[in-house]
Amino acid sequence: MAFQHVSESLVHEGHVWKVVVGTFESPTGELFERDIVRSPGAVGVVPLVDRDGVPTVVFVRQYRPPLDRVVLEIPAGIRDVPNELTEVTAARELAEEVGLAAGRLEYLTNYYTNAGMTDSILHLYLATELTAVTATAHGPEEEHMEVVELPLAEAVDMVARGEIHDAKTVIGLLLVDRRLHI
């Protein structure tokens, strides 16, 4: 016998996420409950530009209310448009947040953001052949965020020194760095 998802009850439904209490049965028949955040998932984009032969990443530095701090991260967003393909969400978020359109958008990977509490899956892309478009900030965090460019090598060093903490950014930077050095 395997684990069985028996039922779940809605605790809270917000604009994007739902919080539920799920009831499960273990292989030995024991019933147990877990709090779960149901999420449509998200995308992250590593925008890579060439600055005089130096691979450079375009970041955003923005306030994140759950952490009550400003975070350096790659452009990203929730998959809040029903049935939108992940690459369309990635292109939209790239344009909205940093005012760039990708001539080339390559899928890197996807990963579980926190398998112990949510069903959210984040899809990562590499954006190259970038051109400027009009950015359209949504909400106070984006209206006050800063666009920052750093050489990829410097950003990877920041990851190694523990100066970049955002998971999608760490994963995206390391995958792009590896791709460029294989």
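Reading guide: rules and limits
- Residues numbered from 1 in each chain as written.
- Predicted model: local features only at pLDDT ≥ 70, side-chain atom pairs only at ≥ 80, totals over all residues.
- Heavy atoms only, no water.
- Salt bridge = Lys/Arg side-chain N within 4 Å of Asp/Glu carboxyl O.
- Helix = DSSP H or I, 4+ residues; strand = E, 2+ residues; numbered from the N terminus.
- Buried < 20%, exposed > 50% of the residue type's maximum accessible area, 1.4 Å probe, protein only.
- Pairing = 2+ DSSP bridges.
- Axes fitted to C-alpha atoms, helices over the stretch in contact; angles between N-to-C directions.
- 1 Å grid on protein atoms, 1.4 Å probe; cavity = no way out; pocket = protein on both sides within 12 Å on 5 of 7 lines; lining within 4 Å.
- Points joined across faces, edges and corners; volume = space filled by probe spheres on them.
- Nonpolar A, V, L, I, M, F, W, Y, C, P; charged D, E, K, R; others polar.
- Parallel < 35°, antiparallel > 145°, perpendicular 65-115°, else oblique.
- Left-handed = near helix turned anticlockwise from the far one by under 90°.
- Contact = heavy atoms within 4.5 Å.

## Thoughts on the pattern of salt bridges
The tally for this structure, following the rule as stated, stands at 14 salt bridges. One salt bridge connects Glu 73 with Lys 168, and the closest N-O pair in it is separated by 2.7 Å. With Glu 73 in strand β6 (residues 69-73) and Lys 168 in helix α4 (residues 167-180), the pair connects residues that are 95 residues apart, well separated along the chain. We note that Glu 73, like Lys 168, is buried. Close ionic contact of Arg 179 with Glu 106 constitutes a salt bridge, the shortest N to O distance being 2.5 Å. Residue Arg 179 is located in helix α4, and its partner Glu 106 is located in strand β8 (residues 100-112); the two are separated by 73 residues in the primary sequence. Residue class for Arg 179 comes out partly exposed when judged on its relative accessible area of 37%. Connected through salt bridges with shared partners, the residues Asp 80, Glu 84, Arg 92, Glu 93 and Glu 96 form a single ionic network.

## Topic: the sheet that holds strand β2 (residues 18-25)
Strands sit in the order β1-β2-β3 across an open sheet of three strands; the sheet is antiparallel. Strand pairing shows two members of the sheet lacking a second neighbour, β1 (4-13) and β3 (31-38), which therefore form its edges. Across the sheet, the mean angle from the axis of one strand to that of its neighbour is 25 degrees, orientation sign disregarded. Pairing of β1 with β2, which is carried by eight bridges, proceeds in the antiparallel orientation. Along β2, the bridge assignment pairs Glu 8 with Gly 22.

## Details of the layout of surface pockets
When its volume is computed, the largest pocket comes out at roughly 1,400 Å³. At the level of secondary structure, the elements contributing two or more residues to the lining of the largest pocket comprise β4 (42-51), β5 (54-64), β6, β7 (76-78), α1 (86-98), α2 (139-143) and α4. Here the element with the most residues in the lining of the largest pocket is β6; it accounts for five residues. Of the residues belonging to the lining of the largest pocket, the class tally is 19 nonpolar, ten polar and 14 charged. There is about 180 Å³ of room inside the second largest pocket. Together, 13 residues line the second largest pocket, and Ile 36, Ala 115, Met 117, Thr 118 and Asp 119 are the ones closest to its centre.

## Here's the deal with the packing of helix α3 (residues 152-160) against α4
At their nearest, the axes of α3 and α4 sit 10 Å apart, and the two run at 130 degrees to each other. By the angle between their axes, α3 is oblique relative to α4. Every pair of crossing elements has a handedness; the one defined by α3 and α4 is left-handed. Only Val 170, Leu 173, Leu 174, Val 176, Asp 177 and Leu 180 of α4 make contact with α3, whose side of the interface consists of Leu 152, Ala 155, Val 156 and Val 159. Classifying every residue of the contact of α3 with α4 gives nine nonpolar, no polar and one charged.

## Overview of the pairing of β5
Within a regular strand, the side chains alternate between the two sheet faces. Pairing of β4 with β5, which is carried by four bridges, proceeds in the antiparallel orientation. Note that in β5 the partner of Asp 50 across the bridge is Pro 55. Bridge count between β5 and strand β10 (residues 146-151): six bridges; the pairing is antiparallel. Within β10, the residue paired with Val 60 across the bridge is Val 147. Alignment of β5 against β6, held across five bridges, turns out to be antiparallel. Looking across to β6, one finds that Gln 62 is bridged to Val 71.

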